[in-house]
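The primary structure of each chain is shown beneath.
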Amino acid sequence: MKRAIKKVAVLGSGVMGSRIACHFAGVGVQVLLLDIAPPPPEGGFAKPSDKNKIVNDALAAALKSNPSPVYHKDVVKKITTGNFDDNMKEIAGCDWIIEVVVERLDIKQKVFEQVEQYRKPGTLITSNTSGIPIHLMADGRSEDFKKHFCGTHFFNPPRYLRLLEIIPTPHTDPAIVDFLMSYGDLYLGKTTVLCKDTPAFIANRIGVFGMMAIMNVKEQLKLSIDEIDALTGPVIGRPKSATFRTADVVGIDTLVKVAKGVADNCPADEARDQFAIPAWLDKMVANNWLGDKTGQGFFKKTKGAGGEKEILTLNLETLEYAPRVKPKFPSLDAAKPIDDLYTRLKMLVAGQDKAGEFYRLFHYGLFSYISHRIPEISDELYRVDDAMMAGFGWEIGAFESWDVLGLVKTTEAMKAAGYKVAPWVEEMIAAGNKSFYKIEGGKKYCFDPASKTYKVLPGGEAFIVMSNYTDKEIWKNASCRLYELGDQVLGLQWFTKMGSIGSDVLSGIQTGIEKAEKNYKGLVIANEGANFSAGANVGMIFMFAIEQDYDELNMAIRFFQQTMMRARYSSVPVVVAPHGLTLGGACELNLHADKCCPAAETYSGLVELGVGLIPGGGGTKEFVLRAADEMHEDEPETITLKNRFLSIATAKVATSAQEGFGLGIFRKGHDEVIMNQGRRIAEAKKSVIEIFDSGYTAPVQRNDIKVLGQSALGALYSGIHAMKTANYATEHDALVAKKLAYVMCGGDLSEPTLVSEQYLLDLEREAFLSLCGEKKTLERIQSVLKSGRPVRN
């Protein structure tokens, strides 16, 4: 049966329900969001509008939350609200019904009883429970209900955390499971993980074990909260919130509830004692110190004597708050400068100080635990890694971490330290296998304990990981790697801090295009780090500017412009597949590509004004070109140009790929948003082939770009002056904005004129170079370099 999801009903509008509704609306699905009606006022009747107060207030709160649960503000138009009393009958017109009410089995069963009265046969019905056994919720329901019933566990916030756990019951039709696995991947952008119906499923079972084990190691080694969070954050490939900050965000009561649930419902768990709640944690719950939701938990925000914000840390021995203390560990300090996570992890675990001891104890306990969860919670070990990366934000999974540290060596060290591994791991090693994962011919394989063989990971060509193509590497320099991706397509990626674009990367782009033009159909440009690129290497710009080496700086900017134009006017298609931060020079590369396949979570913008510069790699030129093409006879010519000018002048950054279309970075009907970030490279490769096979012809440089000269320049200058007069812009801001306006108007021309791309590039470069000599610009660049953060307004 071909199944289409046109309308979804979400039952329950709490934190999860309202945000799940927003996510479905964001991908274009009509949503019916329902919740209970509040009790009528005493001695009176509720007005019809009052009956939807709970659901409407919940949706309004979700839309105001930060980060935003929607890709674009207009998606709320796809959400209709109502209440269980008046609107439950409307679920008959829905293709999928998702229950997200309070975590009580009796209440869920009551809701499902109502659902069965109105649900049409064949409709999907799922629960977002985080721990109640799925099979218990379907007790007493019809055969058709049970056949189409399943657990679909989203993680909060649903837009940003990519995990969707699919938990079938023995009665669930396998075709329904296959559909949900596929739909979650393709349309919701999720890493769909098939789970067994066991307590806490996969991610929470392992994640909460990890947090509780860390708390126990903390007690053993007498470490502080600040020390633990310094040790368990980005330095080991975990989120910035690390351990205790994560607990505050999730809710300490939630953590305790899950831990108790595992302890109560998993009597055979060999590490059950790790889930025991420490006395200080029980005390925190009794005090209502539950984290962010109650204003204090492991951390507490206060105001200092001068009114400035201060974060205090809880001392778990005295249960009193005190100022945060920056931890100091020699091994941590030595490892931080190392960019490669694998190398860094090895160094940390080998450390001979207390930090090293912590890492060994923590990892040994984690590895022992995950080995014993196969096949209890999953038959396939890669699902455990997928769940932890997508649900808890780990950069690498637990089994992959074991590989990085050396499976055989680490297992021996674990046993010597008194940690047991599951028998299947012992048998695997005894058979001569030295890792859980291996890569052959561009494909990643994972050991399968049931068959005792390696099996290729599912997804095949749909999930291209360029780093897996090391045996297909055809060129490299200090920063870049160029691979054959098959089907006569090349792939380029680079490995610089924050994906910054310097001379090595520009040379890599030029080389990739040159080689593709000779023997291939085209080139895909993408990166596999946390972000595509935070932009041009501002450190190089600062060095040339501070030394007043303007000839070198001029050559560097000219090379950047030439590389962007090379991407635009190559004889083969160049497709860029960005994700995450795509700022400044990286945004300019997108503007010059034949096509972009951005992940839904792509944050793009021309942000150069944030450091007192204008886009100098062709970005300003391209916005002028697009503004000229967008001008309409029925509106003033300056309107389109003004909108483009403001996007650059205010350093606007799109908070999603969809917003990128609104800013004019991506082109409607041309560029394509890829919901699942893991699919973007494969989709970009497919686009290269389609464009080439349709008869690609290299475009011709433009010399017909209409610029408005003085007629628009005067209006923009007037606006800039008004902003400065009203103290919305500094003297330096006004100077930079005027330089930008001058370029975007084509200079001080007496009348509208048709100019070439090169004419605009020359104006752009001249303005960029002149601003590099400004003291305020250099101060801003230096500030960015010191902070280590990307350029933002």
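Here goes a summary of the coordinates provided.

What counts as what
- Residues numbered from 1 in each chain as written.
- Predicted model: local features only at pLDDT ≥ 70, side-chain atom pairs only at ≥ 80, totals over all residues.
- Heavy atoms only, no water.
- Pairing = 2+ DSSP bridges.
- Helix = DSSP H or I, 4+ residues; strand = E, 2+ residues; numbered from the N terminus.
- Contact = heavy atoms within 4.5 Å.
- Axes fitted to C-alpha atoms, helices over the stretch in contact; angles between N-to-C directions.
- Salt bridge = Lys/Arg side-chain N within 4 Å of Asp/Glu carboxyl O.
- Buried < 20%, exposed > 50% of the residue type's maximum accessible area, 1.4 Å probe, protein only.
- Left-handed = near helix turned anticlockwise from the far one by under 90°.
- Nonpolar A, V, L, I, M, F, W, Y, C, P; charged D, E, K, R; others polar.
- Expected span 1.5 Å × (residues − 1).
- Arc of directions from axis to C-beta.

For the rest of this paragraph, the subject is the sheet that holds strand β18 (residues 522-525). Strand order in the open sheet formed by six strands is β15-β16-β17-β18-β19-β21, and the pairing between neighbours is mixed. In the strand order of this sheet, the two ends are held by β15 (473-476) and β21 (595-596), each with one partner. Pairing between strand β17 (residues 489-494) and β18: four bridges, direction parallel. If you follow L490 over to β18, its bridge partner there is L523. The sheet strands contacting helix α27 (residues 680-693) are β17, β18, β19 (574-576) and β21, and the helix crosses β18 at an angle near 160°.

The next subject is the pattern of salt bridges. For the coordinates displayed, the defined rule picks out 45 salt bridges. Between R679 and D185 there is a salt bridge, with the nearest N and O atoms lying 2.6 Å from each other. Of this pair, R679 sits in the loop between α26 (657-662) and α27 while D185 sits in helix α7 (residues 174-186), and the two are 494 residues apart along the sequence. Given the relative accessible area of 9%, D185 is considered buried. For the salt bridge of D733 with R780, the shortest nitrogen-to-oxygen distance reads 2.5 Å. Remark: R780 occurs in helix α31 (residues 775-787) and D733 occurs in helix α29 (residues 731-744); sequence separation between them is 47 residues. Residue classification places D733 among the partly exposed residues on the basis of a relative accessible area of 25%. Among the ionic contacts, a cluster of salt bridges with common partners joins R205, D269, E270, R373 and E376.

Right, let's get into unusual backbone geometry. Note on backbone geometry: most residues besides glycine have negative phi, and most peptide bonds are trans. For the bond from N66 to P67, the omega torsion is 5°, close enough to zero to count as cis. With respect to the element layout, P67 can be found in the loop between α2 (53-64) and β3 (79-83). Look at the link from I374 to P375: it is a cis peptide, with omega at 10°. For L319, which is not glycine, the phi dihedral falls at a positive 55°.

Any two packed helices are characterised by the angle at which their axes cross and by the distance between the axes. Relative orientation of the contacting elements helix α25 (residues 637-649) and α29 amounts to 145°, with a least axis distance of 11 Å. Regarding α25 and α29, the two cross each other, and that crossing is right-handed. Contacts from L641, R644, F645, I648 and A649 of α25 reach α29 at A737, L740, A741 and M744. Taken together, the residues that form the contact of α25 with α29 break down as eight nonpolar, no polar and one charged.

So, on to α25. Taking 1.5 Å per residue as the helical rise, α25 with its 13 residues ought to reach 18 Å, and the 19 Å between its terminal C-alpha atoms agrees with that figure. All of the buried residues along α25 are T640, L641, R644, F645, S647 and I648. End-on, the buried residues of α25 take up no more than an arc of 160°, which puts them together on one face. Contacts from the buried residues of α25 go to α24 (619-630), α28 (710-725) and α29. One or two steps after α25, the chain reaches A651, where phi turns positive at roughly 50°.

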